[in-house]
Amino acid sequence: MKTVREVSHFTGVTVRTLHHYDAIGLLKPTKVTEAGYRLYDEKALKRLQNILLFKELDFSLAEIKRFLDTPNFDHSKVLLQQIQLLKLKRARLDSIISHAEKLQEQGVNFMDFSTFNNLEFNKYKEEAKERWGNTEAYKEYEKKGSNGGSGGIDAFMDIFREFGEIKELSPLSSEAQVLVNKLQTFITDNYYTCTPEILQGLGQMYIADERFKENIDKAGGEGTALFVSKAILKED
């Protein structure tokens, strides 16, 4: 077993980041001592290694959590795909470096935009994401349509606007809890069956993932994402 500080020193991941991973359920410690010290075993370190590989490929923390929590997650097959993606990323970076060197040699008037084409990497990444996210919820999401089913993304964001209008109230207020139920129902009707467990995960993700937080705050005003998270997690 390694302490959080030992893991930080061993991996280069900051203690603060490890605490954050624990808070959002991405990397839970194997054991927490009576004194409150987090301890990590070999299995936890292997999960951390996978997290870091996925991060190098620019996946969000929410996506990484979904991949790793998939019941049929095959580490060996995923590693082969990760290697392929890393090679594609390296090849593209080498191409961009070469392009920059040509600019240096031939002057700023030299132009060739083909080196910035990222279609191959993005295509392979999307295909891999579909395979890694092969959960029942993801299958249902694919079936209903990633555009938000019949409800549409505007209707989805309208719920967050409603949250924004009452964010001065307590997250435990009846008004907030009615909106939590409305959000859960909307997700179930238009995306996938939003179980209480999935809803709890979303509550954490809405503040952990910067893209979600930014979009929710944009819809309901600053602080809306935090308010929604607290309402879902029933925290005052």
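Details of the structure are given in the entry above.
Draft legend 1. Quick peek at the overall build of the protein. Summing up its helical and strand segments, the protein has twelve helices and three strands in all. Considering the protein as a whole, with its 236 residues, one finds that 37% of them fall into the buried category. Long-range pairs, those at least 24 residues apart, make up 63% of the contacts in the protein between residues at least 6 apart in sequence. For the protein, the accessible surface area stands at approximately 14400 Å², while carbon and sulfur atoms represent 52% of it.

Draft legend 2. Region of the structure containing the packing of aromatic side chains. Inspection of the entire model under this criterion finds nine aromatic pairs. A ring pair is formed by F156 and F160, whose centres lie 5.2 Å apart and whose planes are at 75°; its orientation type is edge-to-face. Placement of both F156 and F160 in helix 8 (residues 152–165) is noted, with a separation of four residues, approximately one turn of the helix. Each member of the pair F156 and F160 is classed as buried. Between F156 and F186 the ring centres are 5.7 Å apart and the planes differ by 15°, which places this aromatic pair in the stacked class. Taken together, the positions of F156 in helix 8 and F186 in helix 9 (residues 174–190) put the pair 30 residues apart, joining distant regions of the chain. Looking at F156, the relative accessible area reads 11%, which means it is buried. Here a set of aromatic residues connected by ring pairs shows up, and it is made of F156, F160, F163, F186, Y206, F212 and F227. Here the basic side chain of K2 rests over the ring of F10, its NZ or CZ set 5.3 Å away from the ring centre.

Draft legend 3. Inspection of unusual backbone geometry at higher detail. The phi angle at D58 is positive, at roughly 70°, despite the residue not being glycine. By the secondary structure assignment, D58 is in the loop between helix 3 (42–56) and helix 4 (61–68). If you check the backbone angles, K234 has positive phi at about 55° while not being a glycine. Among the secondary structure elements, K234 is positioned in the segment after helix 12 (224–233). The class for K234 is exposed, based on a relative accessible area of 54%.

Draft legend 4. Expanded view of the nonpolar core. Core analysis: the largest hydrophobic core is formed by 26 residues, its most contacted members being F156, F160, F163, L183, I187, Y206 and V228. Mapped by element, the contributors of at least two residues to this core are helix 8, helix 9, helix 10 (196–208) and helix 12. Those residues in contact with F156 that lie beyond four places of it in its chain are L183, F186, I187, Y191 and Y206. Judged by nonpolar contacts, the second largest core, of 25 residues, contains V7, L26, L48 and I64.

What counts, and where the lines are drawn
One numbering rule holds for all chains: residues counted from 1, following each sequence as written. Reporting in this predicted model follows two pLDDT cut-offs: at least 70 for local features of residues, and 80 or more for side-chain atom pairs to be given and counted; totals over whole chains, interfaces and linings ignore these cut-offs and use all residues. Hydrogens and water are ignored here; the side-chain numbers use all heavy atoms of the structure. Think of it this way: any DSSP run of H or I at least four residues long counts as a helix, any run of E at least two long counts as a strand, and we number them from the N terminus. Under the scheme applied here, a residue whose accessible area is under 20% of the maximum for its type counts as buried, over 50% as exposed, and between as partly exposed, the area being computed with a 1.4 Å probe on protein chains only. In this analysis, two residues are considered to be in contact whenever any of their non-hydrogen atoms come within 4.5 Å of each other. Note on areas: Shrake-Rupley, 1.4 Å probe, and residue coverage restricted to the protein chains presented here. Any two of the Phe, Tyr and Trp rings considered here, Trp counted by its six-membered ring, make a pair once their centres fall within 6.5 Å; the pair's planes then place it as stacked at under 30 degrees, edge-to-face at over 60, or tilted in between. Consider the ring centre and the ring normal. A charge sits over the ring if Lys NZ or Arg CZ is within 6 Å of that centre and within 35 degrees of that normal. Only buried residues count toward a nonpolar core, which is a set of Ala, Val, Leu, Ile, Met, Phe, Trp, Tyr and Cys residues joined through side-chain atoms within 4.5 Å.

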